[in-house]
Amino acid sequence: MTRQSFLRNSSCAVIVAALGVSALTMMGRANGQGNDFAQQQRGRYLAAVGDCAACHTAENGAMLAGGRPIETPFGIIYSPNITPDTETGIGSWTSDQFYHAMHDGIAADGSHLYPAFPYPWFTKATRDDIDSLYAYLRTVPAAKYRRPDNTFPWPLNDRTAMIGWNKLYFTPGTFRPDPKQSAQWNRGAYLVEGLGHCGACHTPKNVFGADKSSEAFQGSDIQHWFAPDLTGDKLSGLGSWSQQDIAKFLKTGKTDRTVAYGPMAEVVERSTSKMSDDDLTAIAVYLKSLSAAGSDSASSGSAANQSSFGATLYADACSACHQKNGEGVPGLFPSLKGDAVVQSAKPTTVIRLILNGGQAAGTKASPTMPGMPAFGWKLSDDQIAAVATYVRGAWGNKAASVSASDVSDLRKALKDASSAN
Amino acid sequence: MKSHLNRRSFLIAGASASVAVAAPAQAREIQGQEPWQPHQADAPDPVQSPNYLSFTAGEVAFVEAATERLIPADDLGPGAKACNVPLFIDHQLAGAYGRGQSWYMQGPWKKGEKTQGFQSRLGPADMYRAAIKAIDAHVSGKEVGKKFSDLAGDAQDALLSDMEKGTLTLDGVDTAAFFKLLLQNTKEGMFSDPIYGGNKDMAGWKMIGFPGARYDYRDWVDKHGQKYNLPPIGLKGGPGWNQKT
Amino acid sequence: MARKLPSTDVVLVGFGWTGAIMGQQLTDAGLDVLAIERGSWRDTPTDFAPTFIQDELRYRYRGHLFEETARETVTFRNSADQEALPMRKLGSFLPGTGVGGSIVHWNGQTFRFLPYDFEIRTQTLARYGQTMVPDDLTIQDWGVTYDELEPYFTEFEALTGISGQAGNINGQKQPGGNPFEGKRSKPYPTPPMKQTYGPTLFAQAAKAEGMSPFPCPSANMSQAYTNPLGVTLGPCTYCGFCEKFACGNYSKASAQTTIIPVLMKKKNFTLRTECDVIKINLDSTGKRAVSVTYVDAQGEEYEQPADLIVVCSYITHNVHLLMTSGIGTQYDPQTGKGTLGKNYCYQLTPSVDVFFDDKILNPFVGAGALGMIVDDWNGDNFDHTGLGFIHGGYIGGYMTTGRPIETEMVPEGTPKWGKKWKQAFVKNYLTSMALALMGSTMPNRANYLDLDPTYRDVYGNPLMRMTYDFKQNDLKMQDFAMGKMTQIAQAMKPREIKKSPRGPHYDIDPYQSTHNTGGAIMGANPQESVLNRYLQHWDVPNLFVMGAGAFPHNSGYNPTETVSALALWSANAIRNTYLKNPGPLVQA
């Protein structure tokens, strides 16, 4: 609701005039006022779609009050406070200013936002949706918290550097439905390419941190994980997933063959598990329409080197859960056979899960949160490389081998990252 | 979904209304999650040093001799000494176990009935120290200049038997309790995971055919009467785990 | 001076198995529930992982999952003419600590007590007359019947996925199951485990001797299973590190693998760990519990008020807590008056070892509840006329483990060390097994719990004192059962056997079982019991006490399923009756 439409209600106008800006905040939080409430609930739903909390709520922090450190290749930036606090949050922002931020990447004071805030994706959202988000955000409890400064080096810590970046890599624009596609496909496209900002993790980036749009959704390194390929690649993508699999994964965190770990577990728990079945199906329809990437995928090709060393390790240390045949146990232990994460071009996620373990997503529909134990203390780089190579090439899997230096590099990177936080 | 229950309905008239403080920050309060951290594992502490940490040279001599009588080398396989059982015991005694840290060690101390279990005021490390001293003194009392480790095997066995039966009375030492402890520790040293310093090269396990730290035997459930055919592995793996790619 | 905290609807003392059950039930009823656990958070991938759990020294012998006697223990004597001394090391029983409590390290052997058990006094007198129930054999009816508990046994089995073969569904006998079991309304949720060689040989022999062996009902899953809460368990891999260890691959039913994923996510459930509850506080009338006092890891004392207090911290801690809180009247064995501490019972676990020359049994292919069971000599399943004892126990041909420090199968007369020992140990390791009795013990006037006059715990409270011995009924029953075990053992045609009865006196040192029962028993009236049939304290209506402390006797079975059914039954009474009108559920 814009301030103009709000003030058209004359009784409210009197109250606003009498009480000033703070009344606006209070009014914004009132419940049960017909349109207001419905719009707020819509906004709450969209906030789940956009997973605002993932960045804007810090661990042990107040809801949406910011302060969460976000690793970028250029340093750490802390998310801002988007509660309605007028001093430290966005309480004094108008809905136009909020729209400007989401659509153009410009804050209320005119400064440029860094694309760690995925405005290149949010730009696709409609004005109406963004207004609903705005209405919802005004109902969130106001929290006083000012984020620490980012750690970007000069000249990147000067926000005017974004002017050039935006010129090269950003074109604002609301989503335009494709008339050749179904309404369902378009809804899926709108969600994935817009508020869902899936590509922020799943689309590879260039050296300036911008999306390589020609390789959209083909998988990307992100904070020492590898977010997998979402195109139709049969080995490393969603090629062997049905539409129902995708929707089920997003809703429950599990399919019969895999479970969500790491950052995706958070996405499922906080975002996609709260979305409607229709929206999740639409996303699935859209993703299934993405054709497989070409020969660029390092996964296509000959099977990795098999060694009895890796096989022995697998039998002794892994098979009690993942089974001799690599097929796991549905809803509990992922199948490694035919798995996209296992066969990803980059083995980062596989190595990371072996090193650090992982906790699966738990949702209302599927509450079990099976945990992969950590092996980093128990196995050497050589051993992890051997067993990772083994699983990437066993049971018909066809992904490239993993070297001991791949493992030691990741160990070091994770150690450095954890001591920095 | 709230029940009819509310706090007010519980309060009988006259219940006190003291001021409450907020839940203290020190309490480990868990809400809304199953706590988990990456890289977290309640993994054991393997033995680091190949050297004796707590035994004196004289104690080493006793323990090496005594444990070798308890589990001797023979055609079935190595004995306690070759399997580093004395080193295992030494490292155990150097830590929390040696102090009896998890045991109830408050007094008063009474001898008690046979059915009342361990009643010594000495933790394991102190018990070894006191017992070895007393036993060696006992031996040299009978044969000047000799200690337990100097005796012939038969004589050592006889002494160990007397301790086991409780017929060897030494001042200040419950020899039966010490023998029980020594025997238990010897078996532990022979058959525990090699990370603790004993069961060298898994020789104890190989001797009996125990596959160690394996975790999936479903293929063998139906194999009634068939001998298991894989070598043992420990927590740090086995020979098959140490190849290079 | 304890600092007082904001009140909550429910406090659970302890967060083990009954804590998880009650937490799940009472949060479903919409209450705000706070569980206070003295130990720490424990969960499968971080604390029970198959990367390190296969460690006999650390878990079985250094007790990594168990309560430390330095923190809590009992004093023990066989009879009142002795001086009780502290149980300085764990031995006979192994209580747990930390989230999940003892169910984290149980075997998973799962049985419903018999219909006979719940009305034991009435039925024994009716069948055999007063001579079979001498004055000092203080058996009592429980105040609840098997039929009343049947739906809750079934609910527990569905919650935990028990793998078994039913023997009696709604009165219809089923082949392959226990013909003596109380009738059940449903089959087990998963099929029985596949048996290895040893239990198979045992069952063949038992059958040949005219008995009715059946697979042990098992909380080690025979296949993957998802329970009604939506929590999934995996298939057991027969690793042989079951009892005294935690399960590394989600295949043993426990709080972590069946309830915790759902319960921990609830907004109205909070868990406070590393806080030791040392007292339950009553108001000045002594008829209402107002709060618990606990000590946190820093040694600070806090008072936590609540409207409803449920004690879930294992029988030994539960009974001790009632005693040190001054709730109830201490039982006096001289006068027979008082109820708190009486009818303490245990489990009688003799064995007969069987040695083959030629049959490779692979004992390390094991699971906690892998075995075949003969129930013919349990309860009142056979005519006791002229035998001089009541009740009995089941005979198990189990294959739970081959862990070498603990599993020592050497024939009669073998020395305990030296060359002969080594040879016997090696020779017999792969080719022997034990038949074991899960023997009932009957309550006796002279067996009881109270507070020790001399020894104290770290908080300065007196330790609980256990005065317990096997009595005539127990020993006569054991003789009889040994005869039956020997009969089966001989029928297995081994090279030789070795008989290992317990006793004549109960010894606190060797491990036997963690099946302590009694001390806060349930019953039909407050003169004879501490709790009513809903596990509600007779004197303090907003205080409920879970666990096997409620058992007026211990049957010839593992207690967990009956403990669980009673907890679910009690929760049902709280939800559907008590909450609507808080007060005594039974008029005294």
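Bear in mind that the values here come from a model prediction, so they are computed numbers and not experimental data.

With that out of the way, let us pick up the overall build of chain C. When its secondary structure is counted, chain C shows 13 helices and 22 strands. Computed over C-alpha atoms, the radius of gyration of chain C comes to 23 Å, within 12% of the 25 Å expected from 2.2 N^0.38 for 588 residues, which places it in the range of a compact globule. Once the C-alpha set of chain C is aligned to its principal axes, its extents read approximately 70 × 55 × 50 Å. For chain C, with 588 residues in total, the buried portion stands at 67%. Long-range pairs, those at least 24 residues apart, make up 75% of the contacts in chain C with a sequence separation of at least 6.

Moving on to the overall build of chain A. Check the secondary structure of chain A and you find 18 helices and six strands. Classification of the 421 residues of chain A by burial places 50% in the buried group. Counting only contacts in chain A whose residues sit at least 6 apart along the sequence, the fraction spanning at least 24 positions is 66%.

Residues and elements named next belong to chain A. In this model, chain A carries a mean pLDDT of 88, and residues with pLDDT of at least 70 account for 88%. A low-confidence stretch, residues 1-34 stays under pLDDT 50, and its non-local contacts, those more than four residues away or across chains, total 27 contacts. Confidence drops under pLDDT 50 across residues 295-301; counting only partners more than four residues distant or on other chains, this segment forms 16 contacts.

This part covers the interface of chain B and chain C. Tallying the contact residues gives 81 residues for chain B and 93 residues for chain C. Looking at the side of chain B that touches chain C, the elements that each hand over two or more residues are helix H1 (7-10), strand E1 (28-30), helix H2 (57-70), helix H7 (175-191) and helix H8 (203-208) of chain B. For E1(B) and strand E11 (residues 269-273) of chain C, the ladder comprises three bridges, and the chain directions are antiparallel. When the bridges of E11(C) are listed, Ile30(B) appears paired with Leu271(C).

Let's shift gears to the sheet that holds strand E18 (residues 432-439) of chain C. All names here are of chain C. The six strands lie next to each other as E8-E16-E17-E18-E15-E21, forming an open sheet whose pairing is antiparallel. Unpaired on one side and paired on the other, strand E8 (214-215) and strand E21 (496-500) mark the two borders of the sheet. Bridge count for strand E17 (residues 393-398) against E18 is five bridges, and the pairing is antiparallel. Counterpart to glycine 396 in the pairing with E18 is alanine 436. Sitting on the sheet, helix H12 (residues 472-491) touches strand E15 (351-355), E17, E18 and E21, and the angle it makes with E18 is about 150 degrees.

This part covers the environment of Met433(C). All names here are of chain C. Looking at the element boundaries, methionine 433 is found in strand E18. For methionine 433, a count of 30 C-beta atoms within 10 Å corresponds to the buried category. Sequence separation of methionine 433 and glutamate 408 is 25 residues, and the distance between their C-alpha atoms is 9.8 Å.

Moving on, we get to the domain arrangement of chain A. Residue and element names in this part refer to chain A. Taken domain by domain, chain A comprises domain 1 (3-169) and domain 2 (183-420). Listed by contribution, the elements that provide at least two residues to the side of domain 1 that touches domain 2 are helix H4 (35-50), helix H5 (52-56), strand E1 (69-72), helix H7 (119-122) and helix H9 (161-169). Of all the elements, H4 adds the most residues to the side of domain 1 that touches domain 2, at four residues.

It is worth spelling out the sheet that holds strand E5 (residues 85-86) of chain C at this point. All names here are of chain C. If you trace the four strands from one edge of the open sheet to the other, you get E5-E4-E20-E19, paired in mixed fashion. Two strands in the sheet have a free side with no partner beyond their single neighbour: E5 and strand E19 (448-456). Relative to strand E20 (residues 462-467), E19 runs antiparallel, the two being bridged by five bridges. Bridge pairing in E20 places tyrosine 448 opposite threonine 467. Lying on the sheet, helix H10 (residues 315-324) is in contact with strand E4 (74-77), E19 and E20; it crosses E20 at an angle near 120 degrees.

Between chain A and chain B, the contact holds 21 residues from the first and 17 residues from the second. Listed by contribution, the elements that provide at least two residues to the side of chain A that touches chain B are helix H15 (308-322) and helix H17 (381-393) of chain A. Looking at the side of chain A that touches chain B residue by residue, the classes come out as 10 nonpolar, nine polar and two charged.

One finds Leu12(C) and Ile309(C) to be the most contacted residues of the largest nonpolar core, which totals 339 residues. Ranked by residue count, the leading element in this core is helix H13 (residues 560-578) of chain C, at nine residues. Structurally, this core is a two-domain feature, drawing no fewer than three residues from each of domain 1 (3-169) and domain 2 (183-420) of chain A. When near neighbours in sequence (up to four residues on either side) are disregarded, Ile309(C) contacts Val11(C), Val13(C), Ile280(C), Ala289(C), Val292(C), Asn542(C) and Leu543(C).

Moving on, we come to the pairing of strand E2 (residues 8-13) of chain C. Residue and element names in this part refer to chain C. Within E2, five of the six residues are buried, leaving the element largely enclosed by the surrounding structure. As judged from the five bridges shared by E2 and strand E14 (residues 301-311), these two strands associate in the parallel manner. Following the sheet pairing, leucine 12 is matched in E14 by valine 310. Bridging between E2 and strand E3 (residues 33-36) involves four bridges; their strand directions are parallel. Within E3, the position partnered with leucine 12 by the bridge is alanine 35. Handedness of the E2-helix H1 (residues 17-28)-E3 crossover: right-handed.

A few words now on the packing of helix H12 (residues 243-252) of chain A against helix H14 (residues 277-288) of chain A. All names here are of chain A. H14 packs onto H12 with a crossing angle of 130 degrees between their chain directions and a minimal axis gap of 8 Å. The orientation of H12 with respect to H14, classified from their angle, is oblique. Seen along the crossing, H12 lies across H14 with a hand that is right-handed. Counting all contacts with H12, which are made through Gln243, Ile246, Ala247, Leu250 and Lys251, the residues of H14 involved are Asp277, Leu280, Thr281, Ile283, Ala284, Val285, Leu287 and Lys288. Each residue belonging to the contact of H12 with H14 can be placed in one class, and the counts come to eight nonpolar, two polar and three charged.

All names here are of chain A. By the element assignment, serine 308 lies in helix H15. Take serine 308: there are 11 C-beta atoms within 10 Å of it, and that puts it in the exposed class. Considered as a pair, serine 308 and glycine 262 are 46 residues apart in the sequence and their alpha carbons are 30 Å apart.

On to unusual backbone geometry. The amide bond that connects Trp154(A) to the next residue, Pro155(A), takes the cis arrangement and shows omega of 5 degrees. Relative to the helices and strands, Pro155(A) is located in the loop between helix H8 (127-137) and H9. That bond from Gly503(C) to Pro504(C) is cis: its omega, 10 degrees, falls within 30 degrees of zero. Topologically, Pro504(C) is positioned in the loop between E21 and strand E22 (543-545). Located in the positive-phi region is Tyr238(C), a residue other than glycine, with phi close to 55 degrees. Note that Tyr238(C) resides in the loop between strand E10 (232-233) and helix H8 (255-258). Using a count of 26 C-beta atoms within 10 Å as the deciding quantity, one classes Tyr238(C) as buried.

The next point concerns the confidence of the model for chain C. Mean pLDDT for chain C: 97, with 100% of residues reaching 70 or above. The ipTM for the predicted assembly is 0.95, set against a pTM of 0.92.

So, about the pairing of strand E16 (residues 371-374) of chain C. For a regular strand, side chains alternate in direction, first toward one face of the sheet and then toward the other. Residues and elements named next belong to chain C. Here E16 shows no split at all, with Gly371 and Ile373 on one side and Met372 and Val374 on the other all buried. Of the strand pairs in this sheet, E8 and E16 are connected by two bridges, and their pairing is antiparallel. Residue pairing across strands places phenylalanine 214 opposite isoleucine 373, the latter belonging to E16. Relative to E17, E16 runs antiparallel, the two sharing four bridges. Looking at the pairing, valine 374 lines up with isoleucine 395 of E17.

The next point concerns helix H13 (residues 262-270) of chain A. For H13(A), the full list of buried residues reads Gly262(A), Met264(A), Val267(A), Val268(A) and Glu269(A). Where H13(A) is buried, its residues contact H5, strand E4 (225-227), H12 and strand E5 (358-359) of chain A.

The rules behind the values
Residues numbered from 1 in each chain as written. Chains lettered and ligands numbered in written order. Predicted model: local features only at pLDDT ≥ 70, side-chain atom pairs only at ≥ 80, totals over all residues. Helix = DSSP H or I, 4+ residues; strand = E, 2+ residues; numbered from the N terminus. Rg over C-alpha atoms; globule rule 2.2 N^0.38 Å. Buried ≥ 20, exposed ≤ 12 C-beta atoms within 10 Å, placed from the backbone. Contact = placed C-beta atoms within 7 Å. pLDDT = per-residue confidence, 0-100. Pairing = 2+ DSSP bridges. Axes fitted to C-alpha atoms, helices over the stretch in contact; angles between N-to-C directions. Domains from an automatic or database assignment. Nonpolar A, V, L, I, M, F, W, Y, C, P; charged D, E, K, R; others polar. Core = buried A, V, L, I, M, F, W, Y, C linked by C-beta atoms within 7 Å. Right-handed = clockwise from strand over helix to strand, strands pointing away. Parallel < 35°, antiparallel > 145°, perpendicular 65-115°, else oblique. Left-handed = near helix turned anticlockwise from the far one by under 90°.

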